[in-house]
Amino acid sequence: MPPPLHETLRALQRAYLQGDLGPLMAIASDDIVWDSNARRSQFRFGGVFKGRVGLQEALSLIASEFAMLKYDVQEIVGDGDTVWALSDVILSEHKTGKRASFRLANRWQFKDGKLVQFTEFFDTAGALADLGRI
């Protein structure tokens, strides 16, 4: 039986795919750090965003540029307050309709039941190539 935190992550990711940010915002700490490995010059949501306002900004930037077509969690590993998730993602760029397909690795750090840090890693060069930007 998977640990409860694993199920929490699966529920958060299902809600995110459906455009429901409520569960994520509810579990985020006031001083959350949201970090995407992408450069802001390549993806507007790239870099570090701090606090709940920063989290809302990062998520808004993603939604303003892309539609999430697929977010399939393949594996969740870890125990305690640190969990890693590996997911297959497909995004569609609003402006061009072009799609990017990539594997996404996320590190979720919790403290006292709240999400305090989220870090994501993906092949930015591959995504840029899929989108025709390089």
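Note: the structure precedes this text.
Residues numbered from 1 in each chain as written. Predicted model: local features only at pLDDT ≥ 70, side-chain atom pairs only at ≥ 80, totals over all residues. Heavy atoms only, no water.

(A) Layout of the pattern of salt bridges. Considering all chains together, one arrives at 6 salt bridges under this definition. A salt bridge links Arg52 to Asp30, with the shortest nitrogen-to-oxygen separation between them at 4.0 Å. Within this pair, whereas Arg52 is found in helix H3 (residues 51-65), its partner Asp30 is found in strand E1 (residues 28-36), the two being separated by 22 residues in sequence. A relative accessible area of 28% places Arg52 in the partly exposed class. We classify Asp30 as exposed; its relative accessible area is 64%. Residues Glu93 and Arg133 are paired through a salt bridge, measuring 2.5 Å at the closest nitrogen-oxygen approach. Highlighted residues: Glu93 in strand E4 (residues 82-93) and Arg133 in the segment after helix H4 (124-130), separated in sequence by 40 residues. The exposure class assigned to Arg133 is partly exposed, which follows from its relative accessible area of 31%. Linked through salt bridges whose partners overlap, the residues forming this network are Arg44, Glu65, Glu93 and Arg133. (Salt bridge = Lys/Arg side-chain N within 4 Å of Asp/Glu carboxyl O. Helix = DSSP H or I, 4+ residues; strand = E, 2+ residues; numbered from the N terminus. Buried < 20%, exposed > 50% of the residue type's maximum accessible area, 1.4 Å probe, protein only.)

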